[in-house]
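# Overview (structure and organization)
Listed here are the chains, written in short residue letters.
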Amino acid sequence: MIRMLVVADDTETLNRCIDTLSPLKNQWTIVTAQGSAAGRAQLDGDGFDMVWVTADVANEMSDDILSVTREKHPDVLRIVLAGQASDKPPLSFFETAHQWLPKTFTVRAATEA
């Protein structure tokens, strides 16, 4: 079972991720956290195989979660969810992230990431 943590500032994004990934519920355990503090608390607990965070241009939470994940769990896959398919996150995210997806991703895109 793959364990993933999704961290976002808003419940709408978290719920959209859960809905989109629901076909994988027998293969993936999805844990959500709203905000940086909740995300950091989850990272202090059980291990994850991947961490997804939302990215807005001025979103310091994403950078924080990615940095903490890289430092404490260097083998964990780190994915950034950008606003739209055409909105690539700032290059600075790629110092701490492995991949990016649009917030409106598909199950296929998620499994290929």
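Residues numbered from 1 in each chain as written. Predicted model: local features only at pLDDT ≥ 70, side-chain atom pairs only at ≥ 80, totals over all residues. Heavy atoms only, no water.

### Some words on the pattern of salt bridges
Opposite charge on two side chains permits them to pair, given that their charged atoms come into close proximity. Tallying each qualifying case throughout the model produces four salt bridges. Note that Asp 64 is salt-bridged to Arg 40, the shortest N-O span being 2.6 Å. With Asp 64 in helix H3 (residues 60–72) and Arg 40 in helix H2 (residues 36–44), this pair connects stretches of sequence that are 24 residues apart. Its relative accessible area of 24% is what places Asp 64 among the partly exposed residues. (Salt bridge = Lys/Arg side-chain N within 4 Å of Asp/Glu carboxyl O. Helix = DSSP H or I, 4+ residues; strand = E, 2+ residues; numbered from the N terminus. Buried < 20%, exposed > 50% of the residue type's maximum accessible area, 1.4 Å probe, protein only.)

### Focus: the confidence of the model for the protein
Scored by pLDDT, the protein comes out at a mean of 82, with 82% of its residues at no less than 70. Taking the mean pLDDT of every element in the protein, the minimum, 78, falls on strand E5 (residues 99–102) and the maximum, 94, on strand E2 (residues 28–34). (pLDDT = per-residue confidence, 0-100.)

### Quick notes on the sheet that holds E2
If you walk across this open sheet you meet the five strands as E2-E1-E3-E4-E5, and the pairing is parallel. Among the strands making up the open sheet, the edge pair consists of E2 and E5. Strand-to-strand twist across the sheet, computed as the mean angle between neighbouring axes with direction ignored, equals 25°. Taken together, the seven bridges between strand E1 (residues 2–8) and E2 define a ladder with parallel strand orientation. Following the sheet pairing, Ile 2 is matched in E2 by Trp 28. Each of E1, E2, strand E3 (50–55) and strand E4 (77–82) is contacted by helix H1 (residues 11–21), which is oriented at about 175° to E2, the strand it contacts most. The strands touched by H2 within the sheet are E1, E2 and E3, with E2 carrying the most contacts at an inclination of about 140°. (Pairing = 2+ DSSP bridges. Axes fitted to C-alpha atoms, helices over the stretch in contact; angles between N-to-C directions. Contact = heavy atoms within 4.5 Å.)

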